[in-house]
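Coordinate inspection notes
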Amino acid sequence: MNPDLSVRLGSLTLKNPIMTASGCFGYGLELIDLLDLNQLGGIVSKSLTLHKRMGTPPHRIFETASGMLNAIGIENIGVEAYLNEKLPHLSRYDIAIVANVMGNTLEEYAATAARFRGVRRINAIEVNISSPNTKKGGMHFGVDPELTYQVIRAVKDATDRPVIAKLSPNVTDIVQIAKRAVDGGADMLSLINTLWSLAIDHWNGKPILGNVTGGLSGPAIKPVALRMVHQVSRALPVPVIGMGGIANLFDVIEFMMAGASAVQIGTANFYDPTVSVRLVRELRDYCSMRKIDRISSLIGALQSS
Ligand SMILES: Cc1cc2nc3c(=O)[nH]c(=O)nc-3n(C[C@H](O)[C@H](O)[C@H](O)COP(=O)(O)O)c2cc1C
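This report concerns the structure included in the present document. (Residues numbered from 1 in each chain as written. Predicted model: local features only at pLDDT ≥ 70, side-chain atom pairs only at ≥ 80, totals over all residues. Heavy atoms only, no water.)

A closer look at the pairing of strand β9 (residues 163-166)
Burial along β9 is two-sided: V163 and A165 and I164 and K166, pointing in opposite directions, are all buried. Taken together, the four bridges between strand β8 (residues 124-128) and β9 define a ladder with parallel strand orientation. Note on β9: the bridge partner recorded for I125 is V163. Two strands pair when backbone bridges link them, and β9 and strand β10 (residues 188-191) are joined in this way by three bridges, in the parallel orientation. Paired with A165 across the two strands is L189, which belongs to β10. What joins β9 to β10 is helix α5 (residues 174-183), and the crossover it makes is right-handed. (Buried < 20%, exposed > 50% of the residue type's maximum accessible area, 1.4 Å probe, protein only. Helix = DSSP H or I, 4+ residues; strand = E, 2+ residues; numbered from the N terminus. Pairing = 2+ DSSP bridges. Right-handed = clockwise from strand over helix to strand, strands pointing away.)

Digging into the site of the ligand
Near the ligand lie 26 residues; those nearest to it are S22, S47, K166, G245 and T267. One nitrogen or oxygen atom from the main chain of G218 is found 2.8 Å from an oxygen atom belonging to the ligand. Within the side chain of T267, one N or O atom sits 2.6 Å away from an oxygen atom of the ligand. Contact with the protein chains removes 98% of the 600 Å² of surface that the ligand exposes when unbound. Grouping the amino acids of the shell around the ligand by side-chain chemistry returns ten nonpolar, 14 polar and two charged. (Near = heavy atom within 4 Å. Polar contact = N/O pair within 3.5 Å; in protein donor to acceptor, adjacent residues only side chain to side chain. Areas by Shrake-Rupley, 256 points an atom, 1.4 Å probe, with all protein chains shown as cover. Nonpolar A, V, L, I, M, F, W, Y, C, P; charged D, E, K, R; others polar.)

Focus on the sheet that holds strand β14 (residues 213-217)
On the basis of which strands lie adjacent, the open sheet formed by four strands has the order β5-β6-β14-β11 and antiparallel pairing. Pairing within the sheet leaves two strands with one partner each, and these edge strands are β5 (61-64) and β11 (195-198). Averaged over all pairs of adjacent strands, the angle between their axes in this sheet comes to 40°, without regard to strand direction. Of the pairings in the sheet, the one linking β5 to strand β6 (residues 67-70) comprises four bridges and is antiparallel in character. Bridged to I61 within β6 is N70. (Axes fitted to C-alpha atoms, helices over the stretch in contact; angles between N-to-C directions.)

A short note on the packing of helix α4 (residues 145-158) against α5
One way to put it is that α4 packs onto α5 with a least axis distance of 8 Å and a crossing angle of 30°. Here α5 runs roughly parallel to α4, going by the angle between their axes. For the pair α4 and α5, the sense of crossing is right-handed. Each of P145, E146, T148, Y149, I152 and R153 in α4 lies in contact with α5, whose residues at this interface are Q176, I177, R180, A181 and D183. Tallied by class, the residues present in the contact of α4 with α5 amount to five nonpolar, two polar and four charged. (Parallel < 35°, antiparallel > 145°, perpendicular 65-115°, else oblique. Left-handed = near helix turned anticlockwise from the far one by under 90°. Contact = heavy atoms within 4.5 Å.)

Details of the packing of aromatic side chains
As enumerated under the stated definition, the model contains four aromatic pairs in all. Measuring from ring centre to ring centre gives 6.3 Å for Y82 and F116, while their planes differ by 70°; the resulting arrangement is edge-to-face. Taken as a pair, Y82 in helix α1 (residues 79-90) and F116 in the loop between α2 (106-114) and β8 lie far apart in primary sequence, 34 residues in all. Ring pairs connect the aromatic residues Y27, Y82 and F116, which therefore count as one cluster. (Phe/Tyr/Trp six-rings, centres within 6.5 Å; stacked < 30°, edge-to-face > 60°.)

And the structure:
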């Protein structure tokens, strides 16, 4: 049996639902000696800004008892360097490439997204309105329904690629935010980004992270992410990409049953860089074993009513 692993996300078709998450797989090229990128459904770039950014001071990563805390602060090479130095190499691979964009202002978001106009090899723009690790931009937009609407509208007007709004879990009503993103023109939604968090060094009475606060990720946040993917996918007619703590095959299946059409693998890459490629193989074996012809039949299959 050769199960069909392809999934459709509006106008975008992925050969399988496994993507790597922004900030957790570099620019996609760092692991090409170790992995066959062609196996993946897609990769999402680190968040890109109009100009290069240095990010926040150390420490930037801390392992808690229940997940990883990070405050990288959107360190990145800038959109121009990505287009010139990274994309030409990535373009050799037969996978979807998503550019994740961020800015401090509406104008910066729009200008960064506009740089991908006509760049056919970029299959979609993911808009980071959910990072908790910067003074401006990111989560500051994604926790406010009206700012969510405005920034997605601005990006949508600036780009000719499908737009994915990446949502923050740090809100009281995720469905309200998701609705405004769709009103603003989001073709898809991805969720969730990290949970805004704090770690303290009790020996010296100081925060552990240089930025004071950071974002919690990994298996600890999976139940929150599943609940939000379920709520949002039931409420809105656009494809949802799920992420948050996915580390094994059954996590992928659960996210798809909750309503995700595809998933992104984040923190798990840091302790097992081969996980995403392995998940594709395991998904194929799972479908064969359970006689599932098309993986897409799992999307939203949760029987909750
Ligand atoms: C070290 C690190 C850096 C990240 N950088 C970004 C980023 O630049 N842009 C973004 O949209 N999300 C970023 N994220 C969030 C992830 O893409 C993902 O949404 C989140 O970690 C939840 O998934 P996970 O639990 O599988 O890691 C980052 C996460 C980590 C752990």
